[in-house]
Every structure is written in structure tokens, then in C-alpha cells.
Amino acid sequence: KERGWIPMDGADSDARRFALGASLLSIPFVVAALWVLLGARSEVRGFFLEHPLCFVAFLSAMLALIPANELIRALAYLKGVRSSRLMMGAWIRRGMFYAMYDAPLPRHRVLFMSVMPFLLLSALPAICLPWLEIRHELRVVGWFLVLLHTSLCTGDFLVWWRLLFRVPRGAWIHNNGWTTYWTTEHDRAA
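Below is a summary of the structure that appears in this document. Sequence positions are assigned chain by chain, starting from 1 and proceeding in written order. Restriction of local features to residues with pLDDT of at least 70 applies here, the model being predicted, together with a cutoff of 80 or more for giving and counting side-chain atom pairs; totals for whole chains, interfaces and linings are based on all residues. Excluded from the side-chain calculation are hydrogens and water; included are all heavy atoms of the structure.

### As for the nonpolar core
Move 1: Grouped together as the largest cluster of nonpolar side chains are 19 residues, with contacts concentrated most on Tyr-77, Tyr-101, Val-110, Leu-163, Val-167, Ile-173 and Trp-182.
Move 2: Strands are runs of DSSP state E lasting at least 2 residues, helices are runs of H or I lasting at least 4, and numbering of each runs from the N terminus. Contributions of two or more residues to this core are made by helix H3 (52-76), strand E3 (96-101) and helix H4 (107-128).
Move 3: Top contributing element to this core by residue count: H4, with four residues.
Move 4: Tyr-77 has contacts with Leu-86, Ala-99, Met-100, Tyr-101, Leu-105, Arg-109 and Met-113, leaving out every residue within four places of it along the chain.
Move 5: Only buried residues count toward a nonpolar core. Its members are Ala, Val, Leu, Ile, Met, Phe, Trp, Tyr and Cys residues joined through side-chain atoms within 4.5 Å. A 1.4 Å probe rolled over the protein chains alone gives each residue an accessible area, and that area as a share of the maximum for its type sets the label: buried under 20%, exposed over 50%, partly exposed in between. Ala-40, Phe-48, Val-140 and Leu-148 belong to the second largest nonpolar core, which has 14 residues in total. Should any heavy atoms of two residues lie within 4.5 Å, those residues are considered in contact.

What follows is the structure, encoded as C-alpha cells:
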């Protein structure tokens, strides 16, 4: 990286340790999601047998969680989806979808981008679910999806926490592979 860019200490220097931390953090959310779904399994199974299209919608929603998460991330960069710096794709070998912006961004923008998928796909539905007048089975499925998506956000939580407390306000952030760099000396025009 160029002079003046400081590599973040901690998990970025060891991608496996970071992935392990995010995975361990996700376990309670996965357990809670399964507990919610399995606690009402006979009702949910009966509902899906009566409404097979709802089962298809459920499976589609589960499969769409990760791509939807990355699309929200891409939009949250606030750089436009047609930007030549925005990269979106799937890394099949690692089983990952990604959206990343390949240029320095202000710290506040990266914090915003990191939290938006959680806010839109977990927090907002969790706030709305108790107020919706829907069948019990659909509420159970909704809570399952909220908790499952929250488990997918644990890596974002770790990134957000580290940036919030280890990178000064006004700094610029740039990723190079698995390493995150920051600087307070970035020339916006460069």
C-alpha cells in the first residue's frame, strides 16, 4: 500500500482467525433460528403442505438472503451500481458472494455500508413482525429468517466494531485483499 496507509491490527492480518470469530459469533443466532422453527415444526410443516407455494417462497427467501445482503451493501456505498470501482460477484470456491468498492472511502461511509444489510433485512423485519396480522406459521418463518440473516451479519458486526473503535473519525478506509488500511492523509482528489 502507499505511504501513509496504516494496516489495521487484529483480524484482518489473519483472515482465518477473523472468519472463525465471525462463525463462532453466528452460532447463537443459528441456534435461536432453529429453535424458533423447530419449536413450531408441526404447524409450519402442515402450513407448507397446505400451501406449497409458500414453501417455495420460503426456500427462495433463504437462498436470496446472501445476494440481497450484498446488493444492499453495494447500494449502501452510495457510489452507484454502475461505478467501475464497484465489484459484485460470487467466489464459488469459497462459497461467498461479495460487493466491494475498490477505492478509498470515508470511515463513516464504510460504517454505514457495514450496518445497512442488518438494519434492512434483520432489524426492520424484527420491528415489524410483532405488528403484522399474519398467521402464526408465517410469523415463525419470519423470525427464523430474521435470526438466520442476523447470523450472516456477524462478520459485518466485527468489521463495524473494529472500524468504530480502532480508526479515527475523518479517516479514509481502503481494502487490499483481506487487509484493511486506513489513513487521515488521503487527498480526496487523488
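### Things to note about the side chain of Ser-122
Move 1: Along the polypeptide, Ser-122 turns up in helix H4.
Move 2: With residues up to four places along the chain from it excluded, the contact list for Ser-122 reads Pro-117, Val-146, His-149 and Thr-150.

### Some details on the layout of surface pockets
Move 1: Taken as a whole, the largest pocket spans an internal volume of roughly 1300 Å³.
Move 2: Cavity means a closed set of points on a 1 Å grid over the protein atoms alone, one where a 1.4 Å probe fits but cannot get out, pocket means an open set with protein on both sides within 12 Å along at least 5 of 7 lines, and lining means a residue has an atom within 4 Å of a point. The wall of the largest pocket is formed by 40 residues, among which Phe-18, Met-96, Phe-97, Asp-156 and Trp-178 lie closest to the centre.
Move 3: Secondary-structure elements contributing two or more residues to the lining of the largest pocket are helix H1 (15-39), H3, E3, H4, helix H5 (136-152), helix H6 (154-166) and strand E5 (172-176).
Move 4: Here the lining of the largest pocket takes seven residues from H1, the largest share from any one element.
Move 5: Amino acids are sorted into nonpolar (Ala, Val, Leu, Ile, Met, Phe, Trp, Tyr, Cys and Pro), charged (Asp, Glu, Lys and Arg) and polar (every other residue, Gly among them). Residues belonging to the lining of the largest pocket are distributed by class as follows: 22 nonpolar, twelve polar and six charged. Grid points are joined across faces, edges and corners, and a volume is the space filled by probe spheres set on the points.

### With respect to the environment of Ile-92
Move 1: Within the element layout of this structure, Ile-92 appears in the loop between strand E2 (86-91) and E3.
Move 2: Through-space distance from the C-alpha of Ile-92 to that of Leu-24 is 22 Å; in sequence the pair is 68 residues apart.

### Here we look at a nonpolar patch on the surface
Move 1: On the surface, Leu-20, Leu-24, Ile-27 and Val-31 cluster together into a nonpolar patch covering about 380 Å² of accessible area.
Move 2: Here Ile-27 shows up in helix H1. Patch members must show over 30% relative accessible area and no salt bridge, and they are joined within 9 Å when carrying like charges or within 5 Å when they are nonpolar side chains of Val, Leu, Ile, Met, Phe, Trp or Tyr. Per-residue and other accessible areas were derived by the Shrake-Rupley procedure at a 1.4 Å probe size, with only the shown protein chains allowed to occlude residues. Any carboxyl oxygen of Asp or Glu that lies within 4 Å of a side-chain nitrogen of Lys or Arg is treated as forming a salt bridge with it.

### Re the environment of Arg-16
Move 1: Within the secondary structure, Arg-16 is located in helix H1.
Move 2: Along the primary structure Arg-16 and Trp-178 are separated by 162 residues, whereas in three dimensions their C-alpha atoms are 10.0 Å apart.

### So, helix H2 (residues 41-50)
Think of an α-helix as turning once every 3.6 residues; residues three or four places apart then point the same way.
Move 1: Taken together, the buried positions of H2 are Val-44, Phe-47 and Phe-48. Buried residues along H2 cover an arc of 95° about the axis, so they all sit on one side. More than 90 degrees from the buried face of H2, the exposed residues found are Arg-45, Leu-49 and Glu-50. Throughout, the arc means that of the directions going from the helix axis to the C-beta atoms.

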